[in-house]
Amino acid sequence: MTTGTPSDILMESQLDLPRRQGKVREIYEVDADRLLIVTTDRVSAFDVVLPNGIADKGRVLTQMSAFWFERTKGIVPNHLIRVIDSTANPDLPIALGPEYVGRSMLVRRAQPVLIEAVVRGYLAGSGWKDYQQTGEVCGIRLPAGMQESEPFPQPIFTPATKAPVGEHDENISYQQAVELVGEEVANAIKVRSIALYVYGLEKARQQGFVIADTKFEFGLATNEEGEEEAILIDEALTPDSSRFWNASTYRSGEHQEAFDKQALRDWLETTGWNKEAPGPSIPEAVREDLRQRYLEAFERITGRELIRP
Ligand SMILES: Nc1ncnc2c1ncn2[C@@H]1O[C@H](COP(=O)(O)OP(=O)(O)OP(=O)(O)O)[C@@H](O)[C@H]1O
Ligand SMILES: [Mg+2]
């Protein structure tokens, strides 16, 4: 159903600016106030970057995030300045080749807040595991007898630590989040994350998707009034940061048809891999399947065509 010629795969970017590498993104310092975030086609699973990438993935993540940043800026301020949509960028100190077009984003630099802001609307993933063992998710007591994939009475905020490279993020209680970042920041992030999730859930549902859960990152930045506040940074409501289910086939109590990394995780589980680096190389059929799922989620949710050079 989805079309388009796959573009070349970018595993690592090379720009002549100071750089920091995340698992998927590379962050360049443009100047004191601005960063250039290049989203590569790398894929991480179980916190390990796999040896080969997925065509179009970086562009889907960048352009889907941009779509949500534009739509939600009235609810929660975010870091987006603009997406790099051509090789002509007179406001940048370096030249960007076509491989950067559509996958890079100029953003406001912020001071990252050191928790992952996870919001869950449905019982899945590590939440489902926790619930089966304890009847709780991140210290939040939930109704008894819930099934896998069932919606919560209302979305819950379940923060996690931001683990250093090579380690796993760990679920924490809201109280632990307060201890890590302070009451004011923790509360702002909680309220803002839930507002973003509720907005995204509703919009995505109109396009036939259920966003079961998602993860946001926030950073502290100074606003026009000169006050420091928590703004949304990194990415927003993408198939990397969220669970996207097909609404028309969704059934509570079942494993769902997913337009996110689940197909890859399912394949990885069949390989006997111990989930430590290095991970196995992904076969062509699995990569193409994932590319199509990401593209379909992007096209259906945004109604846009992917910008390629
Ligand atoms: N506006 C911003 N200001 C400062 N740092 C930012 C901004 N936006 C994103 N970042 C940081 O850039 C990095 C993005 O890298 P990437 O998305 O590959 O993340 P990661 O943290 O390694 O992995 P994952 O997203 O899988 O947890 C993160 O460390 C994030 O905190
Ligand atoms: Mg990230």
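Located above this text is the structure these notes cover.
Computed from a predicted model, the values in this text were never measured in an experiment.

Participant: Quick question: what am I supposed to make of unusual backbone geometry here?
Facilitator: The omega angle of the peptide bond from A277 to P278 is -5 degrees, so this bond is cis rather than trans. Along the chain, P278 turns up in the loop between α5 (262-269) and α6 (284-302). For C138, which is not a glycine, the phi torsion comes out positive at approximately 50 degrees. With respect to the helices, strands and loops of the structure, C138 is situated in the loop between β10 (136-137) and β11 (140-141). Positive phi outside glycine occurs at D234, with the angle close to 65 degrees. As for its position among the elements, D234 is in the loop between β15 (228-233) and β16 (242-246). By relative accessible area, D234 is classed as buried at 18%.

Participant: Looking at this model, I keep getting lost on the side chain of H79. Mind explaining?
Facilitator: Take H79: it is sitting in the loop between α1 (57-72) and β6 (80-83). We classify H79 as buried; its relative accessible area is 2%. In this view, H79 contacts I37, F69, M105, L106, V107, R108, I231, L232, I233 and D234; residues no more than four positions away in its chain are not counted.

Participant: How do you make sense of the pairing of strand β3 (residues 34-39) when you look at a structure like this?
Facilitator: Within a regular beta strand, the side chains point alternately toward one face of the sheet and then the other, so they alternate between its two faces. Most of β3 is tucked away: 6 of the 6 residues are buried. Note: strand β2 (residues 25-29) against β3, 5 bridges, orientation antiparallel. Note that in β3 the partner of E29 across the bridge is L35. Between β2 and β3, which follow one another and run antiparallel, lie 4 residues. With 5 bridges connecting them, β3 and strand β7 (residues 104-108) associate as antiparallel partners. The residue of β7 that forms the bridge with I37 is M105.

Participant: Can you help me understand the site of ligand 1 in this one?
Facilitator: Looking at ligand 1, there are 20 residues lining it, with V24, R25, H79, R108 and E217 nearest. One nitrogen or oxygen atom from the main chain of V24 is found 2.8 Å from an oxygen atom belonging to ligand 1. Look at ligand 1: alone it shows 630 Å² of surface, and the protein chains cover 89% of it. Listing elements by their share of the shell around ligand 1, those giving two or more residues are β2, β3, β7 and β14 (209-222).

Participant: How should I be thinking about the packing of α5 against α6 in this particular structure?
Facilitator: Helix-helix packing: each pair is described by the crossing angle between the helix axes and the interaxial distance. Contact geometry for α5 and α6: axes closest at 9 Å, N-to-C directions at 160 degrees. By the angle between their axes, α5 is roughly antiparallel relative to α6. Contacts between α5 and α6 pair A263, L264 and W267 from the former with V286, D289, L290 and R293 from the latter. Across the contact of α5 with α6, the residue classes tally to 5 nonpolar, no polar and 2 charged.

Participant: Please clarify how the nonpolar core should be interpreted in this entry.
Facilitator: One recurring pattern in soluble globular proteins is that nonpolar side chains are buried together. Ranked by size, the top nonpolar core spans 67 residues in total, and within it F216, F218 and L264 carry the most contacts. If near-sequence neighbours (up to four positions away) are discounted, L264 is found in contact with V43, A45, L50, I282, V286 and L290. If you look at the next biggest cluster of nonpolar residues, it comprises 13 residues, including L17, Y28, V30 and L92.

Participant: Before we go on, may I ask you to explain α6 in this structure?
Facilitator: Residues three or four positions apart in an α-helix share a direction because the helix packs 3.6 residues into each turn. For α6, which comprises 19 residues, the first-to-last C-alpha distance of 27 Å matches the rise-based estimate of 27 Å (1.5 Å per residue) to within 8%. Those residues of α6 lying buried are V286, R287, L290, R291, R293, Y294, L295, E296, A297, F298, I301 and T302. Residues of α6 that are buried make contact with α1, α4 (183-206), β14, β16 and α5. Phi for G303, located one or two positions after α6, is positive at around 65 degrees.

Definitions and limits used
- Residues numbered from 1 in each chain as written.
- Chains lettered and ligands numbered in written order.
- Predicted model: local features only at pLDDT ≥ 70, side-chain atom pairs only at ≥ 80, totals over all residues.
- Heavy atoms only, no water.
- Helix = DSSP H or I, 4+ residues; strand = E, 2+ residues; numbered from the N terminus.
- Buried < 20%, exposed > 50% of the residue type's maximum accessible area, 1.4 Å probe, protein only.
- Contact = heavy atoms within 4.5 Å.
- Pairing = 2+ DSSP bridges.
- Near = heavy atom within 4 Å.
- Polar contact = N/O pair within 3.5 Å; in protein donor to acceptor, adjacent residues only side chain to side chain.
- Areas by Shrake-Rupley, 256 points an atom, 1.4 Å probe, with all protein chains shown as cover.
- Axes fitted to C-alpha atoms, helices over the stretch in contact; angles between N-to-C directions.
- Parallel < 35°, antiparallel > 145°, perpendicular 65-115°, else oblique.
- Nonpolar A, V, L, I, M, F, W, Y, C, P; charged D, E, K, R; others polar.
- Core = buried A, V, L, I, M, F, W, Y, C linked by side-chain atoms within 4.5 Å.
- Expected span 1.5 Å × (residues − 1).

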